[in-house]
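Inside the fold
The lines below spell out each chain.
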Amino acid sequence: MKTMKKFHWFWAWDDEKEEAWLRQMAQEGWHFKSVSLPGNYIFEKGESVDYVYRLDYFVDHKDMPAYLQIFEDTGWDYLGEMGGWQYFRIKSRDGNAPEIYSDKASKAKKYERLILYLVIFLPIFLSMMNITSRSDAGYLRFFSFLAEALMLLYIYAMVRLIIRVTKLKKGV
Amino acid sequence: MRLDYKKHLPLTESTAYILLALSEPLHGYGVMQKVETMSKETVKIGPGTLYGAFSNLEKEGLIAKVGEEKRRKSYLLTEKGRGLLKEHIRRIEILLENGLPTKDW
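The model shown is predicted, which means the values in this text are computed figures rather than measured ones.

**Section: the overall build of chain A**
- Helices and strands together make up the secondary structure of chain A, namely 5 helices and 6 strands.
- When its helices and strands are written in sequence order, chain A yields β-α-β-β-β-α-β-β-α-α-α.
- Each principal axis of the C-alpha atoms in chain A carries an extent, and together these give about 60 × 40 × 30 Å.
- Out of the 172 residues in chain A, the part that is buried amounts to 23%.

Laid out in structure tokens, this is it:
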């Protein structure tokens, strides 16, 4: 069977765009086969099917079986995981797109879990910046620059995610 | 006792229905089906929402795990959950009384 490798990066706050892209790929006959970090997809060529894809953020591996069972019981296929992102798929009926979160409050919690997870990295970032900024060695200057760039990205991601949560909670 | 419920109220429609469904022991899929039937399909609960609701409600002591068959956990309303649901329904009854005249609009 014909397969295709494709690199496709997405930002956590834009996960819905990724879902839409995967649906479009399926409509063109390219069906999700696997994904690995940092966004390496493998697709398999088949007939055009209107599959709806949903991404959840879930890292509680201890309770994974019970979590997946609920999805499976309601007709969702579990496709795999990439860095905490859980990929699910269901066939669309009459063009409608089923959701895995049926209200905004619970959807907001998905991004809150992600924010909480990101907070864990904060001390690592700060110590990295501390070490690299204390030295004048040339090669460390590069790492210092890298650490600062990462820190900026980190702050930006946090802000975007917090905006996402706030909007969902306000019901916008 | 009523004050104790304040932090949980008002319940969202899906939470109220999940609690109602759990007046008998049910697992995830059972809850979803029951809620859909009870609500005449006005409320549908997604699997992500339901999983989250189960863990939150259990943490808050409103429901308790009563069984585990294969990978399906079943839950039942606790005394605290019953009390909360009662208070929620009492408030809805008041709303309903006030809202009845809208039928003649």
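**Describing the overall build of chain B**
- Tallying secondary structure elements over chain B gives 4 helices and 3 strands in all.
- Listing every helix and strand of chain B by position from the N terminus yields α-β-α-α-β-β-α.
- In terms of overall dimensions, chain B has a C-alpha envelope of 50 × 35 × 20 Å along the principal axes.
- Counting all 105 residues of chain B, 30% fall into the buried class.
- The contacts in chain B between residues at least 6 apart in sequence include a share of 48% that link residues at least 24 apart.

**A few points about the environment of F58(A)**
- Among the secondary structure elements, F58(A) is positioned in the loop between β4 (51-57) and α2 (64-73).
- In contact with F58(A), other than residues within four places in its own chain, are Y67(A), G84(A) and Q86(A).

**Quick word on the confidence of the model for chain A**
- Summing up the model confidence of chain A, the mean pLDDT is 89 and the portion of residues at 70 or higher is 96%.
- By mean pLDDT, the top-scoring element of chain A is β4(A) (97), and the lowest-scoring one is helix α4 (residues 122-133) of chain A (74).

**Details of the sheet that holds β4(A)**
Residue and element names in this part refer to chain A.
- Within the open sheet, the 3 strands sit side by side as β4-β6-β5. Their pairing is antiparallel. Edge positions in the sheet fall to β4 and β5 (77-82), since each of these pairs with one other strand and no more. Along the sheet, successive strands turn relative to each other by an average axial angle of 25°, direction set aside.
- Bridging between β4 and strand β6 (residues 85-91) involves 7 bridges; their strand directions are antiparallel. In the strand pairing of β6, D56 is matched with Q86.

**Notes on the interface of chain A and chain B**
- Across the contact, 19 residues belong to chain A and 18 residues belong to chain B.
- Put simply, the parts of the chain that give the side of chain A that touches chain B at least two residues each are α2 and α3 (104-119) of chain A.
- Looking at the side of chain A that touches chain B element by element, the count peaks at 7 residues for α2(A).
- Residue composition of the side of chain A that touches chain B, by class: 9 nonpolar, 4 polar and 6 charged.

**Structural notes on the domain arrangement of chain A**
Residues and elements named next belong to chain A.
- Domains assigned within chain A are domain 1 (3-91) and domain 2 (104-170).
- The distance between the C-alpha centroids of domain 1 and domain 2 comes to 25 Å.
- On the domain 2 side, the residues contacting the 6 residues of domain 1 number 8 residues.

**Overview of the nonpolar core**
- Core analysis: the biggest nonpolar cluster contains 42 residues, and I18(B), L22(B), V31(B) and L50(B) have the highest contact counts within it.
- Dropping the residues within four chain positions of it, L22(B) is found in contact with V31(B), I63(B), Y75(B), L76(B) and L77(B).
- Residues A12(A), L114(A), V165(A) and L168(A) belong to the second largest nonpolar core, which totals 5 residues.

Reading guide: rules and limits
Residues numbered from 1 in each chain as written. Chains lettered and ligands numbered in written order. Predicted model: local features only at pLDDT ≥ 70, side-chain atom pairs only at ≥ 80, totals over all residues. Helix = DSSP H or I, 4+ residues; strand = E, 2+ residues; numbered from the N terminus. Buried ≥ 20, exposed ≤ 12 C-beta atoms within 10 Å, placed from the backbone. Contact = placed C-beta atoms within 7 Å. pLDDT = per-residue confidence, 0-100. Pairing = 2+ DSSP bridges. Axes fitted to C-alpha atoms, helices over the stretch in contact; angles between N-to-C directions. Nonpolar A, V, L, I, M, F, W, Y, C, P; charged D, E, K, R; others polar. Domains from an automatic or database assignment. Core = buried A, V, L, I, M, F, W, Y, C linked by C-beta atoms within 7 Å.

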